[in-house]
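This is what each chain is made of:
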Amino acid sequence: MPRHHRHHKRRGPKSRESSVQEPESPGEHSYLIKKSDSLGRYLVASRDLPEGAVVINEDALVIGPAQDSSPVCVGCYSPIAADLSTACRCEKCQWPLCSNKCKGLYRRHGHSKEECEQLTTCPVSSTQLPNNQLFNAITPLRCLLLKLNQPEQWTTLISMEAHNDVRRKLPSVWDYNQKTVVDRITQDWKITAFSPEEIHTVCGVLEVNAFAVGEDSLSIRGLYPTAFYIAHSCVPNTSHTDDEEFRMKVFTSVQVAKDEMITLSYTNSLQGTRSRREHLKQCKFFDCECKRCQDPTELGTHVSSLRCECGSGHLVPTEPLSLDSTWRCDNDQCHASLAAAEVDTVVTRIDKEIKSLDHNNVEELEISIRHYSGILHRNHYLILGLKYTLSQLYGKSAGYLIHQMTEAMLERKKQVCEDILQMFDVLEPGLTRTRGLTMYELHAPIMVLTIQRFENHKISKGDLCRSLRRVAAYLRDCCKILKFESDKSQEGSIKKAAQDALVQLKSWEPVVGKML
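Before going into details, it helps to say that this report is about the structure given with it. This structure is a prediction, so every number in the text was calculated from the model and none was measured.

What follows covers the overall build of the protein chain. For the protein chain, the count of helices and strands is 16 helices and 17 strands. A burial count over the protein chain gives 55% of its 516 residues as buried. Within the protein chain, counting contacts between residues at least 6 apart in sequence, those at least 24 apart form 66% of the total. Carbon and sulfur atoms form 49% of the exposed surface of the protein chain, whose accessible area is close to 22600 Å². Here the protein chain holds 65 positive side-chain charges and 65 negative ones, and the gap between their average locations is 3 Å.

Here it is in structure tokens:
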């Protein structure tokens, strides 16, 4: 999947009857901050917003390595060798850098002077510590340093939810932070300016509110002063992106009515209800009850459903919000059922098998799709994941370059892309990254098939024009969706390619160009 949803904090939409507006200069923004007993603080639209409206455009409070990050430069977060004994080091504090000319050296959202000074005085340097979880304490330390150096930003950060009461009861969370963060800061580094409780609170703030950012979203996380208010929904009405300086833009992916709650997804949309809810419970500490989670068919997409042996129905949970729900066939004439544990066993096994596949091998993926479609619904998220990979391989991998593909291969790429769009039109409607990238992939087989068929006199000029108008529409939508992406990102390069393809399309034939 592409760089996707990466998140943070607040529970999904519920009743807003008890909400009250906070005094937050409402005339200056397209949102209002409201508050309720069930949700805490959250955002609603202050006016009707069209799709593509920028809701938030802000700098980060803190940027730093993600928990359990692989070795990265503490200045710019570029990957460095796993063997840190050979890594370049900061001349003062000896922490790993990509080079002593790193663009993030002594910069606020990189290896700042304050951080370097603090680490330089530590009696135990990074060279004396085990590589495992080496970077876990860096971002919490950066949060804590706001208390000493930027008190206003510290006030904003400490107002974020940490769920210490919940996390304290979870040894796998609390004890892990104690070992890899609190003990690192207080014992290894002998930093006494912060209490263990403050350090645990910062860990909680990061776990609940941080966004994964940057091109490698597994390595970098950031906290933002307003975006953390946004509530969760498994069918969100906004998307977000960040640039090279980690400045974040949140924009509406669909039209949002005045007073409607503004939402983001804290999970990967290409997951089933059980997986999404488990992630939200374990990582964000709430139970999602959004409209998608409550629907056994996930809004008719069946992305979690299994095929029933009756051949005409599918197994869906009778109580989607219960992990122990019985799954029954949706064919009224069939009474087949499976226990939740049996469903989990099947899906876990298939997921493990899929992860072991060669995801650069088109034939292997196609065989797997045919095989697992006999067990899972054809829209099941595990199959959709394979289709997404195929949508990228067809036209780009060896033996399947666009000029090498047969008509059948081109039709298959087209079908795979259309299958993905059909699901994301429901689960991530509007201006969402996956839809934009898939539209770009879809334009190519349609374009090639259309030109080939026209040149072979299989379609009329009218058919040609209609088909190329469809191609142009996909490319325009792709550009519209990806317009907020950084030009230097993968998505930015796709946006530029789509813009170039539109220019080429309009010049392909003057008559056709005028009709477009």
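Another aspect to go through is the environment of M160. If you trace the backbone, M160 turns up in the loop between helix 3 (151-158) and helix 4 (164-167). On the accessibility criterion, M160 (4% relative accessible area) is buried. Linking M160 and V202, residues 42 residues apart in sequence, is a C-alpha distance of 9.3 Å. Setting aside residues up to four positions removed in sequence, M160 forms contacts with L61, V205, N209, L223, Y224 and F228.

Let's shift gears to the sheet that holds strand 8 (residues 211-212). Reading across from one edge, 5-9-8 is the order of the three strands in this open sheet, with antiparallel pairing throughout. For this open sheet the edge positions go to strand 5 (62-65) and strand 8, each flanked by a neighbour on one side alone. Bridge count for strand 5 against strand 9 (residues 220-223) is four bridges, and the pairing is antiparallel. Each bridged residue has a counterpart across the sheet, and for I63 the counterpart in strand 9 is G222.

Within the secondary structure layout, W154 lies in helix 3. For W154, a relative accessible area of 10% gives the class buried. In this structure, the C-alpha to C-alpha distance between W154 and K461, residues 307 residues apart in sequence, is 64 Å. The residues touching W154, leaving out its near neighbours within four places in the chain, are C143, L144, L146, K147, E198 and V202.

It is worth spelling out helix 5 (residues 171-188) at this point. Helix length check: helix 5 (18 residues) gives 22 Å between terminal C-alpha atoms against 26 Å at 1.5 Å per residue, more than 12% under. Contacts from the buried residues of helix 5 go to helix 2 (138-149), helix 4 and helix 6 (196-209). Just past helix 5, the residue K190 takes up positive phi, approximately 55 degrees.

Okay, the nonpolar core next. W95, L157, W189, L223 and Y224 are the most contacted members of the largest nonpolar core, which has 69 residues in total. If we skip the residues at most four places from it in the chain, W95 touches V74, C88, R89, C90, L119, S126, L134, F135, I138 and W189.

This part takes up the packing of aromatic side chains. Inspection of every chain in the model, using the stated rule, returns eight aromatic pairs. Taken together through their ring pairs, the aromatic side chains of W95, F135 and W189 make up a single cluster.

Let us now look at the side chain of T432. If you trace the backbone, T432 turns up in the loop between helix 12 (407-427) and helix 13 (433-455). In contact with T432, other than residues within four places in its own chain, are S239, S253 and I481.

Applying the stated criterion across every chain yields a total of 29 salt bridges. Between E411 and R453 there is a salt bridge, and its shortest N-O distance comes to 2.7 Å. Residue E411 is located in helix 12, and its partner R453 is located in helix 13; the two are separated by 42 residues in the primary sequence. Residue R453 is classed as partly exposed on the basis of its relative accessible area, which comes to 23%. Here R466 ties to D463 by a salt bridge, and the two come within 2.7 Å at their closest N and O atoms. With R466 and D463 both in helix 14 (residues 461-481) and three residues apart, the pair spans about one turn of that helix. Looking at R466, the relative accessible area reads 48%, which means it is partly exposed. The class for D463 is partly exposed, based on a relative accessible area of 33%. Through salt bridges that share partners, R274, E278 and D344 make up one connected network.

Residues H314 and V316 point to one face of strand 15 (residues 314-317) and L315 and P317 to the other, with burial holding for every one of them. In terms of strand pairing, strand 14 (residues 306-307) meets strand 15 through two bridges, oriented antiparallel. Of the residues in strand 15, the one forming a bridge with R307 is H314. Counted along the chain from strand 14 to the antiparallel partner strand 15, the turn is six residues long, and its residue G311 has a positive phi close to 90 degrees.

So, how was this worked out
Residues numbered from 1 in each chain as written. Predicted model: local features only at pLDDT ≥ 70, side-chain atom pairs only at ≥ 80, totals over all residues. Heavy atoms only, no water. Helix = DSSP H or I, 4+ residues; strand = E, 2+ residues; numbered from the N terminus. Buried < 20%, exposed > 50% of the residue type's maximum accessible area, 1.4 Å probe, protein only. Contact = heavy atoms within 4.5 Å. Areas by Shrake-Rupley, 256 points an atom, 1.4 Å probe, with all protein chains shown as cover. Lys, Arg positive; Asp, Glu negative; His and termini not counted. Charge placed at Lys NZ, Arg CZ, Asp CG, Glu CD. Pairing = 2+ DSSP bridges. Expected span 1.5 Å × (residues − 1). Core = buried A, V, L, I, M, F, W, Y, C linked by side-chain atoms within 4.5 Å. Phe/Tyr/Trp six-rings, centres within 6.5 Å; stacked < 30°, edge-to-face > 60°. Salt bridge = Lys/Arg side-chain N within 4 Å of Asp/Glu carboxyl O.

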